[in-house]
Amino acid sequence: MNAKAISEGEEEASGMRNETLGESGHSGEVKRGQVILVAYLIAALDLTFLFMQLGIVPYLAKSLGLDSVGFGYLQTTFGVLQLVGGYIFGRFADQFGARAALILSCASGTVFFLLMSISTSIPLLFLSRLPGVFMHGLPGAQKVITDMTSPSQRADALGKLGLCFGIGMIAGSGLGGVLSSKFGIFVPIYVALVGSLIKTLIAVVWIPSQTKPKLNQHVTENSTSQSGSLFSIREILRLMKFPGVMEVFIVKVFAGFPLGLFMIMFSIISMDFFGLEAVESGYLMSYFGVLQMVVQGLVVGKLANHCTEMTLLRLSVFVFASVGLGMALMRTVWHYCIIAVPLVFAFSMLTTITDSILTKAVPSSDTGAMLGICASVQPLTRTVGPTIGGVLYKQFGVSSFGYLQLVVNIVLFVYLLKSKIPLREVKS
């Protein structure tokens, strides 16, 4: 199936969206807007509860007698489950719909917090990680938004999810710390459990049973999935063969990988290199959350409406290279606060633009699987990152992360300048 046929099918599908929702004209636009707002709400709640538990899990693990090595195994277990589950979740969304996938994610979160609330031993704590294989609230919201928007609106709509990330980071980290210190370590877990139940009900009531139209045979005959299984290497390879997908995905993985290694080691770097206390580290995370909200809410969408996606992709990689140089030369936490501004811009732009490009490069029947593959990038970094990051930090120091970031992104920038990646350029 060539790009032209897919494009024609996408345009026809876009025109059928009103019919799918049982609305027409202005009322259809309002309906879509309401569903997208509900998706944002679910994503914000999901990230808030996730950051709440991230802040207390180290203390819970320590209270149960788990040492640093065991805690590393716990984190790796969660990372592997998320890595494997990302693509399976995306395939599930394609086969059963965005609503079913989002409900599955919310229900898995409820089971996750239920198991955490009764984790009075190390085996139970490890068991509580198992529902993480289907906990993909952000990709679920992305799937809803992808189905409900036209290609020209997609980058802007996906970019606004960064607001949800910032809200979740600030509210989750703050609430987790306050509740655990005042009322006990399990209270944030109980709050997250009740919140997850409410989040599940919101998804059931407010997300429509079908968020995109069925494409006609002209579009789906040769381009849709040929396998009914939820996990298939053949299906991943099939998606990677669409024009431009492999090239953009390689850029997505490698451009942010050095930064991912740095963030994995950040808790140690903040103590040893910057000399920060736990409270000061919390303030720094809140600062990042505010930057994320500002950049994603005010900058990414506006640029996406006025520049081509390839231009923005090159810009993000170039800024990443500049950030790498800054990280290599930084000496104090104030240097890092300055570097954080272009860092958050580059990271937000790269994530939003690559997700938008990749979902438009494949048939709409495969956008869930594509988003699932994209969602697996971060768990992959969390899985292999601790070993690589630990070696870099121990052998070469903090500056090594910056130099690696600089070299990798210079190579990628030259590659993007010289290559002719076939993209369906759409801008408002």
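Residues numbered from 1 in each chain as written. Predicted model: local features only at pLDDT ≥ 70, side-chain atom pairs only at ≥ 80, totals over all residues. Heavy atoms only, no water.

It is worth spelling out the overall build of the chain at this point. The helix and strand inventory of the chain stands at 21 helices and zero strands. Sorting the 428 residues of the chain into buried and exposed places 53% on the buried side. Restricting the contact set of the chain to residue pairs at least 6 apart, pairs at least 24 apart contribute 85%. Approximately 18400 Å² of the chain is accessible, and the part contributed by carbon and sulfur atoms is 69%. (Helix = DSSP H or I, 4+ residues; strand = E, 2+ residues; numbered from the N terminus. Buried < 20%, exposed > 50% of the residue type's maximum accessible area, 1.4 Å probe, protein only. Contact = heavy atoms within 4.5 Å. Areas by Shrake-Rupley, 256 points an atom, 1.4 Å probe, with all protein chains shown as cover.)

With respect to the helices and strands, the residue Asp46 is situated in helix α3 (residues 25-63). Residues in contact with Asp46, not counting those within four places in the same chain, are Ser105, Gly137, Leu138 and Lys199.

A few words now on the packing of aromatic side chains. Inspection of every chain in the model, using the stated rule, returns 14 aromatic pairs. With 4.7 Å between their ring centres and 35° between their planes, Phe92 and Phe96 make a pair best called tilted. Taken together, the residues span about one helical turn, with Phe92 and Phe96 both in helix α4 (residues 68-96) at a distance of four residues. Considering the side-chain rings of Phe262 and Tyr336, the 5.6 Å spacing of their centres and the 50° angle between planes classify their relative orientation as tilted. Highlighted residues: Phe262 in helix α14 (residues 257-264) and Tyr336 in helix α18 (residues 333-361), separated in sequence by 74 residues. (Phe/Tyr/Trp six-rings, centres within 6.5 Å; stacked < 30°, edge-to-face > 60°.)

What follows covers helix α20 (residues 377-396). The largest bend in α20 amounts to roughly 55° and is located at Gly385, with the proline Pro386 lying one to four residues further along. The complete set of buried residues in α20 reads Val377, Pro379, Thr381, Thr383, Gly385, Gly389, Leu392 and Tyr393. Following α20 by one or two positions, Gly397 adopts a phi angle in the positive range, close to 85°. (Bend = angle between axes of the 7 residues up to and from the residue.)

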